[in-house]
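Results of the structural survey
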Amino acid sequence: MPPHEIDGADNPLLLRLRERIRRDGPLPVSDYMQVCVGDPEHGYWRRRDTIGAAGDFVTAPEISQIFGELIGLWCAVTWQQLGSPAPLRLIELGPGRGTLMRDALRAARRMPGFIEAATVHLVEISEPLRRVQQATLASVSGQPAVTWHRDIAEVPDGPAIIVANEFLDALPIRQLVHAAGAWHERVVALDAAGALMFAHGDRVDQPADVPREPQPGAIIELRDGEDHLLAQLATRSQPFVALFIDYGPASTAVGDTLQAVRRHEYADPLAEPGTADLTAHVLFAALADKARAAGLAADGPITQAEFLGRLGIAERATRLMAANPGKAAEIEAGVQRLMAPTGMGQLFKVLAVWSPALPPPAPFG
Ligand code: SAH
C-alpha cells in the first residue's frame, strides 16, 4: 500500500476511523459500512455525482428510460388491483437521481386517476441526492406532491406501492467469521502500520440456520437493515405491494459478498474509506423466507430479464424506436444491456412482497 494511504493525510475518514478504533477497539463490519456511507462529513452518500457514467456505478433507470416507464405502468396496474385507492402512497426507497420515479410518473399518468390519487414519498438519506431528485422531478408536469423521509417508518399510513431498485444492497450488513470452533463478529481493526484490516472480534452465539461445522474461515452475513424494513412493512395497517430489484443469487449462498465499486471498477473495501460505493449482495431466498416469517406474502425472485420481458419491454422498445428513429440504436443498446443473459438480465432479480390479504401482483403468481 502506498505510504500516503497509510498515513491517511489525504483521507479524513481514514484518520477518523483510525482514532475511533484506537480509542474504542475494532469496529464490526456493519459499523464500518455505516461510517463509510453515512459519516455526516466524509461519508460516501455526502457525494453528489456517484450514480451514472461520470460517477462510480450505473443503474438500470440510468441505462434506459424504458426501465422506469415499465415500472410506472406496473404501479398503475397494481393500483387498480388495490381497488384504485386515494390517496395512494407511492414510495421509493433509495431513489438515486430520481430518474426511475420521473420515468414511472410519466408513463403512469396514462392511467386515468392515478396521478391525482398518488402522493410520492422518497426515502433517502443523502442530502445531495435529495437535491438531485428534486430537480429531476421538477421536470414532470403536473407531478403529485413529493415528500422526503429518512426512514420508511415516517411515511404516513394508507395503501402503498413501494419500489426499491439497488436499495437493499446499500444497507449495512454484519459478517460473522468461523474460527476455533465458533462464530465471531468480523471486525475492521488496525495493523501494525496503522492500515485497516479485517480481523476476528468477539465470539457470538451460534446463529439459527447456519452450519455448525463450516469450513475454517467461513463467513456468513446478517442483514439487520432488511429485518428492520420487513418489520416496518409488517406493521403497516393498510395493504401494500413492494417490489425489490437488486443483484444477488436466487438461492441462499454462504460467503463474503461485501464489495466496493469506484469509477466502475471493483475496489478494496478497506482502501480509501468513504470514496467507494460499499454494498453486499441481496440473498433473495432468505429475504423471501424472512418476509413470510414476518407474516407477509412473497413471490420470486425472477430475473430482471424475465420480469421486464413479462411487462412487455420488447413491445415498448419497438414503439419507442419507431417514434424516435434517430435514437433507435441507443434505445436498442440500452434494452440489451438491461436484458443481457450474461449481465444485468440474469444477475439482477426481482422479488415481490405484499400484504397477505391481497392476490399476487402481476407478473407474479
Ligand atoms: N434506486 C437508484 C439509486 C440506487 S443507489 C437507482 O436505481 O439509480 C442507492 C440509493 O439508496 C441512493 O439514493 C442512496 O442515497 C440511498 N440510500 C442508501 N442507504 C440508505 C438508507 N439507509 N436509507 C435511505 N436511503 C439510502
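Quick caveat: nothing in here was measured; it's all calculated off a predicted structure.

**Some points on the site of the ligand**
Close contacts around the ligand come from 19 residues, with Thr 59, Gly 94, Gly 96, Glu 124 and Asn 165 the closest. Residue Ile 125 places a main-chain N or O atom 3.5 Å away from a nitrogen atom belonging to the ligand. One of the backbone nitrogen or oxygen atoms of Asn 165 is found 2.7 Å away from a nitrogen atom of the ligand. Relative to its unbound accessible surface of 570 Å², the ligand loses 93% to contact with the protein. Across the shell around the ligand, the residue classes tally to 11 nonpolar, five polar and three charged.

**Quick word on the pattern of salt bridges**
Summed over all chains, the structure comprises 16 salt bridges. A salt bridge links Arg 102 to Asp 103; the nearest nitrogen and oxygen atoms lie 3.1 Å apart. Note that Arg 292 is salt-bridged to Asp 289, the shortest N-O span being 3.5 Å. One end of the pair is Arg 292 and the other is Asp 289, both in helix H10 (residues 284-293) and three residues apart, which spans about a single turn. Among the charged side chains, a salt-bridge network with shared partners connects Glu 69, Arg 102, Asp 103, Arg 106 and Arg 316.

**Focus: the sheet that holds strand E12 (residues 265-267)**
If you trace the three strands from one edge of the open sheet to the other, you get E12-E11-E13, paired in antiparallel fashion. Every other strand in the sheet has two partners, leaving E12 and strand E13 (277-279) as the edge strands with one partner each. Averaged over all pairs of adjacent strands, the angle between their axes in this sheet comes to 35°, without regard to strand direction.

**Considering the nonpolar core**
Leu 90 and Phe 114 are the most contacted members of the largest nonpolar core, which totals 50 residues. Counting residues per element, this core draws most heavily on helix H5 (residues 65-81), which supplies eight residues. Leave out the neighbours within four places in its chain, and Leu 90 touches Cys 75, Met 101, Leu 105, Phe 114, Ala 118, Thr 119, Val 120, His 121 and Ile 161. With 27 residues, the next largest nonpolar core counts Val 35, Ile 51, Val 188 and Ala 280 among its residues.

**Observations regarding the packing of helix H12 (residues 313-323) against helix H13 (residues 328-339)**
Helix packing for two helices is described by the angle between their axes and how far apart those axes are. Two elements in contact, H12 and H13, have axes whose closest approach is 9 Å; the angle formed by their N-to-C orientations is 165°. In terms of orientation, H12 lies roughly antiparallel with respect to H13. In the crossing of H12 with H13, the sense of the turn from one axis to the other is right-handed. Here H12 contributes Ile 313, Ala 317, Leu 320 and Met 321 to the contact with H13, which in turn contributes Ala 328, Ile 331, Glu 332, Val 335, Leu 338 and Met 339. Broken down by class, the residue content of the contact of H12 with H13 amounts to nine nonpolar, no polar and one charged.

Each value, and the rule that gives it
What you see as residue numbers is a count from 1 along each chain, following the sequence as written. This being a predicted model, a pLDDT of at least 70 is required before a residue's local features are given, and a value of 80 or more before pairs of side-chain atoms are given or counted; all residues contribute to the totals for chains, interfaces and linings. Based on all heavy atoms of the structure, the side-chain values leave hydrogens and waters out of the count. One heavy atom within 4 Å of a molecule or strand makes the whole residue count as near it. Nitrogen and oxygen atoms within 3.5 Å of one another constitute a polar contact, given that in protein one can donate a hydrogen and the other can accept it, and given that sequence-neighbouring residues count only through two side-chain atoms. In these tables, accessible area is a Shrake-Rupley quantity obtained with a 1.4 Å probe, and a residue counts as shielded only by the protein chains included in the view. Under the scheme applied here, ten amino acids are nonpolar (Ala, Val, Leu, Ile, Met, Phe, Trp, Tyr, Cys and Pro), four are charged (Asp, Glu, Lys and Arg), and all others, including Gly, are polar. Just to be clear on terms, a salt bridge is a Lys or Arg side-chain nitrogen sitting within 4 Å of an Asp or Glu carboxyl oxygen. A run of H or I in DSSP becomes a helix once it reaches four residues, and a run of E becomes a strand once it reaches two; helices and strands are each numbered from the N terminus. In this analysis, strands are considered paired if DSSP registers two or more bridges between them. Axes here refer to lines fitted to C-alpha atoms; in helices the fit is confined to the stretch in contact. Angles between the N-to-C directions go from 0 to 180 degrees. To form a nonpolar core, buried Ala, Val, Leu, Ile, Met, Phe, Trp, Tyr and Cys residues must be joined to one another through side-chain atoms within 4.5 Å. Accessibility here uses a 1.4 Å probe with only protein chains present; expressed as a share of the type maximum, an area under 20% marks a residue as buried, one over 50% as exposed, and anything in between as partly exposed. Pairs of residues are marked as contacts when any of their non-hydrogen atoms sit within 4.5 Å. Roughly parallel here means an angle under 35 degrees, roughly antiparallel means over 145, roughly perpendicular means 65 to 115, and every remaining angle is called oblique. Handedness of a crossing is defined here by the sense of rotation of the near helix relative to the far one, left-handed for an anticlockwise turn of less than a right angle and right-handed for a clockwise turn.

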